[in-house]
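# Breakdown of the fold
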Amino acid sequence: MNYDVLLQSDHWLSLNYSKTFITAISMSMSDPSAAQTPLLDDTVDGCLDYKGQPVRRSSSGCWRSASFIIVVEIAERIAYYGISSNLITYLTGPLDESTATAAAQVNAWNGAASLLPLLGAFIADSFLGRYRTIILASLVYILGLGLLALSATLSSVSSSGGQNADDIALSSSLQFQVILFFSSLYLVALAQGGHKPCVQAFGADQFDTQDPEECKAKSSFFNWWYFGMCAGTLTTLSILNYIQDNLSWVLGFAIPGIVMAVGLVVFLLGTMTYRYSVKGDEESPIVTVGRVFILAVRNRKTSYSAIAAEEEARGILATESSKQFKFLNKALLAPDGSKEQGEVCSIREVEEAKAVIRLAPIWATSLIYAIVFAQSSTFFTKQGATMDRSTATGFEIPAASLQSFISLSIVLFIPIYDRIFVPLARALTGEPAGITLLQRIGSGMVISTISLVIAAVVEMRRLKIAEEYGLIDKPNVMVPMSVWWLVPQYALYGLADVFTMVGLQEFFYDQMPNELRSVGLALYLSIFGVGSFLSSFLISAIKNLTSGDGRDGWFANNLNRAHLDYFYLLLAALSAVGLTLYVCCTKYYIYARWGRTF
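An unreviewed UniProt entry lists the protein chain under the name Protein NRT1/PTR FAMILY 5.10-like, with Gossypium australe as the source organism. Taken from UniProt, the Subcellular location (unreviewed entry) comment for the protein chain reads in full: "Membrane". Checking UniProt for the protein chain, the heading Sequence similarities (unreviewed entry) contains the comment "Belongs to the major facilitator superfamily. Proton-dependent oligopeptide transporter (POT/PTR) (TC 2.A.17) family."

Put into structure tokens, the structure is as follows:
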């Protein structure tokens, strides 16, 4: 099989198109009716099938292919959230870590898992191709999950040793268990780094942006993609967290591995229907963009009059895009003044570099949202663990399962957004997606700020009730306050995700050149990677500032003496500042239209 990593060059493709065209002419000469339906009308430019032949629109791509890809993404989300959603419980339970330390480690792991896609996207776009990278990453994923289950087995053996076990041997066993656990954990993060940017980009590649109907369907794809992700997450939070808390951590880590294996099989079943992007012998797009910046720096002393003369010679029209980041236009000239092939950059390469740098302010101002996003799997979970989680039937809801309200909110609202909000907004604004991508992202930021204020108010009430019932120094006693008080903050988190998370995904895919779209999605993920590291740093800094001299800090292990309400209010204030900066940046943003027909 010749997949996108093995696809032939543009020269080969043009020869095949020529042969197809000659065949069509011959058919039209022998059968006039055939001239009414040229064969080339059914092909998709820039894509081949799994055999390396020109791909037919009628038998490939679109939802028939995207459905296979969405299934493997659902499996990956079940695997990922099967670990991350309840990780803080495992760290503070079987591994006996403090709340603040465990929260910092969860954030560090989430950060690594969100930054590694930059490496995975580079490998996919420059070497392996998206299809093969997805397969390789899935195999590493399954290996990592299997080793996690093995490490949990060692935990079970150690805990069953009892007092008769040799202390030195037990300590050595625990040390090996911890090393194996964290090695497996970061192996999963590495696998997600290859899987995450490629699967979504490969799914979006199944829709032709040259076709208006498929382009609109691509916008819906991002909505339903996130719907599928959250459906998988909801399944995880509803079932796996209960298994981990009440039955077995071994089983709780093994099931995601089995699900991931099934997802890989389903993905392979769609091989014959996929559209594979043509990859020729040209340089890596990352290299070409990097050369623009290098040449612009080397030509920093070149006068703008010389650049203007070069632009005029090349027939570059003065547009808003060409005027922005004008210093990059210096890459149009060679450092020594020559114009030999390979010594200067093309207009398109310069515009691609501008598209990348144009994303930087949006990336930076989205980091506060990412810090807020990191709290749902850490402090929200520990907060819920102290409250009354029993239901009318006597069933006790696992604390980590409260995150299911985020997924439930998303699953309920995305169909409303896609089928009701978008058509109504489209009729008013004329935008194909109802509102612009930047407006969508900003709307979610506003909602997340509101959710933090509500979270702070609920925590204030929880602390007050704990004080009224004399539970301040009884952290293991349930606070008589229903856990349902936490539902609004979780639900608003989900609503914010529908706007901001989906918006960021589509924005960083849509605004990158075709060859860099895996990198674009990796940049989107890196927002949450850096945000998780910033959250970890912020937690550590606040812990050191507030817990010295025997004081109970904001993140004391006894949450009845902690002050998560202060932390939430601080994040709300930071969110307001971040939103203000974001709005300022959006005023100067110029949308790129790579291959769009509207």
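## Focus on the packing of aromatic side chains
Each aromatic ring pair is summarised here by two numbers: the centre-to-centre distance and the angle between the ring planes. For the structure shown, the criterion picks out 34 aromatic pairs. With centroids separated by 5.1 Å and ring planes inclined at 75°, the aromatic side chains of Phe202 and Tyr274 adopt a geometry described as edge-to-face. Remark: Tyr274 occurs in the loop between helix H9 (249-269) and strand E3 (276-277) and Phe202 occurs in helix H7 (residues 167-204); sequence separation between them is 72 residues. With 5.9 Å between their ring centres and 45° between their planes, Phe202 and Tyr276 make a pair best called tilted. Taken together, the residues Phe202 in helix H7 and Tyr276 in strand E3 connect sequence positions 74 residues apart. Residues Phe202 and Tyr276 agree in their burial class; the two are buried. Here a set of aromatic residues connected by ring pairs shows up, and it is made of Tyr90, Phe181, Phe182, Trp249 and Phe253.

## Concerning helix H5 (residues 117-128)
A rise of 1.5 Å per residue sets the reference length of H5, with its 12 residues, at 16 Å; its end C-alpha atoms lie only 14 Å apart and thus fall more than 12% short of the reference. Looking only at H5, the buried set comprises Pro117, Gly120, Ala121, Ala124, Asp125 and Ser126. Backbone geometry just downstream of H5 places Gly129 in the positive-phi region, at approximately 90°.

## Here we look at the pattern of salt bridges
By the definition in use, this model includes 9 salt bridges. Here Glu76 ties to Arg77 by a salt bridge, and the two come within 2.7 Å at their closest N and O atoms. Residue Arg77 is classed as buried on the basis of its relative accessible area, which comes to 4%. Linked through salt bridges whose partners overlap, the residues forming this network are Glu73, Glu76, Arg77 and Lys196.

## What to know about the pairing of strand E1 (residues 43-48)
With 2 bridges connecting them, E1 and strand E2 (residues 54-56) associate as antiparallel partners. Note on E2: the bridge partner recorded for Leu48 is Pro54. Where E1 folds back onto E2 in an antiparallel hairpin, the turn is made up of 5 residues, including Gly52, whose phi is positive at roughly 85°. Note that E1 and E3 share 2 bridges and pair antiparallel. Among the inter-strand pairings, Cys47 is bridged to a residue of E3, identified as Ser277.

## Details of the environment of Asn476
In this structure, Asn476 sits in the loop between helix H18 (437-468) and strand E5 (479-482). According to the relative accessible area criterion, Asn476 is exposed, its value standing at 79%.

## Describing the sheet that holds E2
Taken in spatial order, the 3 strands of this open sheet run E2-E1-E3, and their pairing is antiparallel. For this open sheet the edge positions go to E2 and E3, each flanked by a neighbour on one side alone.

Parameters at a glance
- Residues numbered from 1 in each chain as written.
- Predicted model: local features only at pLDDT ≥ 70, side-chain atom pairs only at ≥ 80, totals over all residues.
- Heavy atoms only, no water.
- UniProt positions renumbered as here; feature names shortened; annotations may be inferred.
- Phe/Tyr/Trp six-rings, centres within 6.5 Å; stacked < 30°, edge-to-face > 60°.
- Helix = DSSP H or I, 4+ residues; strand = E, 2+ residues; numbered from the N terminus.
- Buried < 20%, exposed > 50% of the residue type's maximum accessible area, 1.4 Å probe, protein only.
- Expected span 1.5 Å × (residues − 1).
- Salt bridge = Lys/Arg side-chain N within 4 Å of Asp/Glu carboxyl O.
- Pairing = 2+ DSSP bridges.

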